[in-house]
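Observations on the three-dimensional arrangement
Below, each chain spelled out in residue letters.
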Amino acid sequence: MHKAGFVNIIGNPNVGKSTLMNAFVGEKLSIITSKAQTTRHRIFGIVSGDDFQVVFSDTPGIIKPSYALQASMMDFVKSAFEDADILIYMVEIGEKELKDEVFFNRINKLDVPVLLLINKVDTSDQSTLEEQVAYWKEKVPRAEIFPISALRNFQTEVVFNRIIELLPESPAFFPKDQLTDKPERFFVNEIIREKILLHYKKEIPYSVEVETESFADSETIIHIRSVIMVERESQKGIIIGHKGEALKRVGVEARTDLEKFFGKQIHLELFVKVNKDWRSNARQLRRFGYDT
Ligand code: GDP
Ligand code: K
Ligand code: MG
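Report follows, based on the coordinates. (Residues numbered from 1 in each chain as written. Chains lettered and ligands numbered in written order. Predicted model: local features only at pLDDT ≥ 70, side-chain atom pairs only at ≥ 80, totals over all residues. Heavy atoms only, no water.)

Before going further, it helps to examine the environment of Glu 213. Looking at where Glu 213 falls in the secondary structure, it is placed in strand E7 (residues 209-217). Its relative accessible area of 35% is what places Glu 213 among the partly exposed residues. Sequence separation between Glu 213 and Ser 226 is 13 residues, and the spatial gap between their C-alpha atoms is 5.5 Å. A distance of 3.4 Å separates a polar atom in the side chain of Glu 213 from a polar atom in the side chain of Lys 273. (Helix = DSSP H or I, 4+ residues; strand = E, 2+ residues; numbered from the N terminus. Buried < 20%, exposed > 50% of the residue type's maximum accessible area, 1.4 Å probe, protein only. Polar contact = N/O pair within 3.5 Å; in protein donor to acceptor, adjacent residues only side chain to side chain.)

Our next topic: the coordination of the potassium ion (ligand 2). Looking at the metal site, the potassium ion (ligand 2) is ligated by Asn 14 (OD1), Thr 33 (O) and Lys 35 (O), spaced 2.6 to 2.8 Å from it. The sequence pattern formed by the donor residues of the potassium ion (ligand 2) is N-x18-T-x1-K. Between the two metal centres, the potassium ion (ligand 2) and the magnesium ion (ligand 3), the spacing is 4.7 Å. Of the two residues, Asn 14 sits in the loop between strand E1 (3-11) and helix H1 (17-25) while Lys 35 sits in the loop between H1 and strand E2 (43-49), which places them 21 residues apart along the sequence. (Donors = N, O, S within 2.8 Å, 3.2 Å for Na, K, Ca; no water.)

With that settled, consider the coordination of the magnesium ion (ligand 3). Protein coordination at the magnesium ion (ligand 3) comes from Ser 18 (OG) and Thr 39 (OG1), with a distance range of 2.1 to 2.2 Å. By relative accessible area, Ser 18 is classed as buried at 8%. A relative accessible area of 8% means that Thr 39 is categorised as buried.

Let us now look at H1. Counting buried residues in H1 gives eight out of nine residues, a clear majority hidden from the surface. The set of residues buried in H1 consists of Lys 17, Ser 18, Thr 19, Leu 20, Met 21, Asn 22, Phe 24 and Val 25. Looking at the buried residues of H1, the elements they touch are E1, E2, strand E3 (52-58), strand E4 (86-92), strand E5 (114-119) and helix H5 (156-166). (Contact = heavy atoms within 4.5 Å.)

A large share of E2 lies buried, amounting to six of its seven residues. As paired elements, E2 and E3 share seven bridges and run antiparallel to each other. Each residue of the ladder has a partner; that of Gly 49, found in E3, is Phe 52. (Pairing = 2+ DSSP bridges.)

To continue, consider the packing of aromatic side chains. In this structure the tally under the stated criterion is 14 aromatic pairs. With 6.5 Å between their ring centres and 35 degrees between their planes, Phe 56 and Phe 160 make a pair best called tilted. Linking Phe 56 in strand E3 with Phe 160 in helix H5, this pair joins segments that are 104 residues apart in sequence. Neither Phe 56 nor Phe 160 differs from the other in exposure class; each is buried. With centroids separated by 6.2 Å and ring planes inclined at 75 degrees, the aromatic side chains of Tyr 89 and Trp 136 adopt a geometry described as edge-to-face. Of the two residues, Tyr 89 sits in strand E4 while Trp 136 sits in helix H4 (residues 126-139), which places them 47 residues apart along the sequence. (Phe/Tyr/Trp six-rings, centres within 6.5 Å; stacked < 30°, edge-to-face > 60°.)

Take the site of ligand 1 next. Contacts to ligand 1 come from 16 residues, most closely from Asn 14, Lys 17, Thr 19, Asp 122 and Ser 149. Within the contact set of ligand 1, an oxygen atom lies 2.8 Å away from a side-chain nitrogen or oxygen of Lys 17. Here Asn 119 contributes a side-chain N or O atom positioned 3.2 Å from a nitrogen atom of ligand 1. Protein chains bury 86% of the 580 Å² of accessible surface belonging to ligand 1 in isolation. The greatest single-element share of the shell around ligand 1, amounting to three residues, is contributed by H1. Residue classes in the shell around ligand 1 are distributed as four nonpolar, nine polar and three charged. (Near = heavy atom within 4 Å. Areas by Shrake-Rupley, 256 points an atom, 1.4 Å probe, with all protein chains shown as cover. Nonpolar A, V, L, I, M, F, W, Y, C, P; charged D, E, K, R; others polar.)

So, on to the packing of helix H7 (residues 233-240) against helix H8 (residues 245-262). Relative to each other, H7 and H8 sit at 65 degrees, their axes nearing to 5 Å. Residues Ile 238, Ile 239 and Ile 240 of H7 lie in contact with H8, whose contacting residues are Glu 245, Ala 246 and Leu 247. Its residues assigned to classes, the contact of H7 with H8 shows five nonpolar, no polar and one charged. (Axes fitted to C-alpha atoms, helices over the stretch in contact; angles between N-to-C directions.)

Take a look at the structure:
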């Protein structure tokens, strides 16, 4: 018998959804930072065995959208509700307030298995943890609750084994050696965007989109040319920085990660362009892959 299904991970921003999917897949498919809205897309991470295939979906954190980009991000979350065979609802230790009741009520109404993961237990003591488990048991009576640490790989295997048990009988959805649904350029864009999230303050990371114009893979080296898109001229200056130092740092760090990701030498060229108000422009958003 072969089992396969979609396991969709949803939750508030920063609870550790991307960290968990990467831990399951064993590859850094999703970028991770301590900032909310690091993940903007729905990203598949595929784990296959001889008689199973789990298609994880990492999704953006649940927020109340205030511009078109964020609305599209929440459409990714909604789609993750609709096609889940198993839903993972992730919370972090200490989280009690439900930021979006609408999503929350949907969880209690779903008829697929729900695993409620209380993440970051490495930061908690036993009594706090017990209190949290009791709280979530009452709030989501139909969920199975697992305290975990995605970062330290604590109890993640237990969760994985439970997922395999719960998977429906089905043939595989993807070739067994496929890890994700996204093309190479997507990961280039994301790795560069991660460095921007890490090194720039305030609104800058949220105003940035990265587009890879060329990706030329030869035997020993990959030549990559990417554009960092900002919304305003003033942001362009900030990205480049004094004597180009800031942009240079992004390039150096991104290249190191790209070499790890692709297992090859990378030659990376970065450019900065102004694309006025792209976050609110439906046509631009479609171009950057924000349509569901
Ligand atoms: P997401 O926004 O839900 O995708 O969360 P991320 O995976 O991007 O993680 C947000 C932050 O929480 C990052 O700084 C992670 O390193 C951190 N984090 C994730 N899992 C754990 C965990 O189990 N323990 C601790 N202490 N930190 C974690
Ligand atoms: K994050
Ligand atoms: Mg994320």
